Amino acid sequence: MLNPQVDLLITHAKLATLAGGTGPRRGRTMQQVEFIEKGAVAVAAGKIVFAGKMTDLQSAHLKSAVVWNADGRLITPGLIDPHTHLVHAGSREKELSLKLRGVSYLDILAQGGGILSTVRATQAATEQALTAQALVSLRRMLEQGTTTVEAKSGYGLNRQTELKQLRVAQALNKLQPVELVSTFLGPHALPPEFGQRSDEFIDQMIALASAVKSLGLAEYADIFCERGVFSVADSRRYLTACRDLGYGLKLHADEIEPLGGTELAAEMQAVTVDHAVAASPEGLRSAAAAGVVTVLLPGTSWNLGGHYANARFLLDEADGAVALATDYNPGSCPSESLQLIMAFAANGLRMTPEEILTAVTRNAAYAVGRGEQIGRLEAGWQGDLCVWETSELAYLPYHFGINHIKRVYKRGLLVVEDGRAVKEAAK
Ligand code: IZC
Ligand code: ZN
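From a predicted model like this one, the values you see are computed outputs, not experimental measurements.

Colleague: Tell me about the overall build of the chain, and please be specific about residues and values.
Modeller: Each helix and strand counted, the chain has 16 helices and 18 strands in total. The C-alpha atoms of the chain give 21 Å as radius of gyration, which agrees with the globular expectation for 427 residues (22 Å, within 12%). Based on the C-alpha atoms only, the size of the chain along its principal axes is roughly 70 × 45 × 45 Å. In the chain, the share of contacts with a sequence separation of at least 24, taken over all contacts with a separation of at least 6, comes to 72%. Accessible area for the chain stands at about 16400 Å²; split by element, carbon and sulfur atoms hold 53% of it. Considering the chain, the positive charge centre built from 41 side chains and the negative charge centre built from 45 side chains are found 4 Å apart.

Colleague: Go over the coordination of the zinc ion (ligand 2), please, and point to the residues and values.
Modeller: The protein atoms donating to the zinc ion (ligand 2) are His83 (NE2), His85 (NE2), His252 (NE2) and Asp327 (OD), with metal-donor distances spanning 2.0 to 2.5 Å. Coordination geometry of the zinc ion (ligand 2): the four donor atoms subtend angles of 81 to 166 degrees at the metal centre, consistent with an arrangement described as irregular. The motif formed by the donor residues of the zinc ion (ligand 2), counted along the single chain, is H-x1-H-x166-H-x74-D. With a gap of 167 residues between them, His85 in the loop between β6 (79-81) and α2 (95-100) and His252 in strand β11 (residues 248-253) connect regions that are remote in the sequence.

Colleague: Any chance you could break down the site of ligand 1 for me, citing the residues and the numbers?
Modeller: Neighbouring ligand 1 are the residues His85, Arg92, Tyr105, Ile115, Tyr155, His188, Phe224, His252, Glu255, Asn329 and Ser332. Arg92 places a polar side-chain atom, nitrogen or oxygen, 2.8 Å from an oxygen atom of ligand 1. Measuring from a nitrogen atom of ligand 1, one finds a side-chain N or O atom of His188 at 2.7 Å. Against a free-state accessible area of 270 Å², the protein chains account for coverage of 100% of ligand 1. Split by residue class, the shell around ligand 1 holds four nonpolar, five polar and two charged.

Colleague: Account for the side chain of Thr76, naming residues and giving values.
Modeller: Topologically, Thr76 is positioned in strand β5 (residues 74-77). A polar side-chain atom of Thr76 sits 2.9 Å from a polar atom in the side chain of Trp388. Not counting residues up to four positions away in its chain, the partners in contact with Thr76 are Ala16, Leu357, Leu377, Asp384, Leu385, Cys386 and Trp388.

Colleague: Outline the packing of aromatic side chains, listing residues and values.
Modeller: Under the counting rule described, the total for this entry stands at four aromatic pairs. On the basis of an interplanar angle of 15 degrees and a centroid distance of 4.9 Å, the ring pair of Trp302 and Phe344 is categorised as stacked. Here Phe344 lies in helix α13 (residues 338-349) and Trp302 lies in helix α11 (residues 298-303), a separation of 42 residues in the sequence. When its relative accessible area of 52% is taken as the criterion, Trp302 is described as exposed. Assessed through its relative accessible area of 13%, Phe344 is described here as buried. An aromatic cluster is built from Phe194, Phe201 and Phe230, whose rings are joined through pairwise contacts. Its guanidinium or amino end placed over the ring of Tyr247, Lys213 lies 4.9 Å from that ring's centre, counting from NZ or CZ. Its guanidinium or amino end placed over the ring of Trp68, Arg407 lies 3.9 Å from that ring's centre, counting from NZ or CZ.

Reading guide: rules and limits
Residues numbered from 1 in each chain as written. Chains lettered and ligands numbered in written order. Predicted model: local features only at pLDDT ≥ 70, side-chain atom pairs only at ≥ 80, totals over all residues. Heavy atoms only, no water. Helix = DSSP H or I, 4+ residues; strand = E, 2+ residues; numbered from the N terminus. Rg over C-alpha atoms; globule rule 2.2 N^0.38 Å. Contact = heavy atoms within 4.5 Å. Areas by Shrake-Rupley, 256 points an atom, 1.4 Å probe, with all protein chains shown as cover. Lys, Arg positive; Asp, Glu negative; His and termini not counted. Charge placed at Lys NZ, Arg CZ, Asp CG, Glu CD. Donors = N, O, S within 2.8 Å, 3.2 Å for Na, K, Ca; no water. Tetrahedral: all angles 85-135°; square planar, octahedral: opposite > 155°, others 65-115°. Near = heavy atom within 4 Å. Polar contact = N/O pair within 3.5 Å; in protein donor to acceptor, adjacent residues only side chain to side chain. Nonpolar A, V, L, I, M, F, W, Y, C, P; charged D, E, K, R; others polar. Phe/Tyr/Trp six-rings, centres within 6.5 Å; stacked < 30°, edge-to-face > 60°. Buried < 20%, exposed > 50% of the residue type's maximum accessible area, 1.4 Å probe, protein only. Lys NZ or Arg CZ within 6 Å of the ring centre and 35° of its normal.

This is the structure in structure tokens:
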């Protein structure tokens, strides 16, 4: 029997619940979003206790300290961004004119720019400076509806700076409402002083992964598997060691060249394979069959010249589970907005509004190992909610480039009102 006293009750809403069953939604089932018109959501002690029809609510006799009439607006689970390089120093706008002259992302990196320029800035930055910069980004994310974000290290390439980035990410959890999930991405680029000796660097990163794990600073391990960065063999050795250390596995794979990282993700039973723009159809099929969530990053595709992953093949042929993320980073995707990514997913990936919503809520939750806590409007799940200005889901990716958020709640607490962060929401 439901305790009748709750902390928050929202009435007269249109709910998109994503509820029921287990696991991420795959293939054609990503299209099945259940809408409840004239719905209500109730939250007590940070968790949803009711999400359903208002008529059923009356029989539950709920009393709430706070009651709000949503006036027919759409409510979805809080958005989840399962791939970002949140904590870093500086920016790389100077590379824009190089890019416009046709210098590729990998050529900029090979010339000591790109990731390596952010590594230099991040090595030189204090924890306070990194925290201040990330706080600005987190506020932007929250105001756009993101309530949970994965954050990678990888701008240290050495022990001191990798630990610094991960400590900053951990501390950010207590400074503001967005929840962070940390990933150790030590092998993000080969430092120039290692020459061709990637073996030696991988050895060091395995040792560091072990230290990070014992400090409790990261749940996932990731590697940039790409031509000119780390090979499939390097990646297999690193990920095998990280799996033995107890990490969940993620891979930056087949972003630019079809190296076979997507097949490796399947072989290693990774939690996610990310990018997969150049992945072979066999690779996509094998990852889907192994239960790997494919995290697609269409903002990066838009920004690096318009090559998009084959989402339709994944959904229509391979029965894959797709999540979407910003890839927020100062090089290949300098945008914190998941709403913009939702528009790119429609236009660039040909995903439908329903598939897109599933990919930024329920499926993104599984991509960060939180599928049983967040990503749905269902009793027992966390009270993370987005209230949109519109009642029509398709309006979100259709009318792009603006913020559609009315309100955001994190664990039942109002943290965004009229698209602006509520000041006293700092935890
Ligand atoms: O800083 O360029 N792709 N890593 C792999 C990135 C993009 C981040 C960056
Ligand atoms: Zn990335």
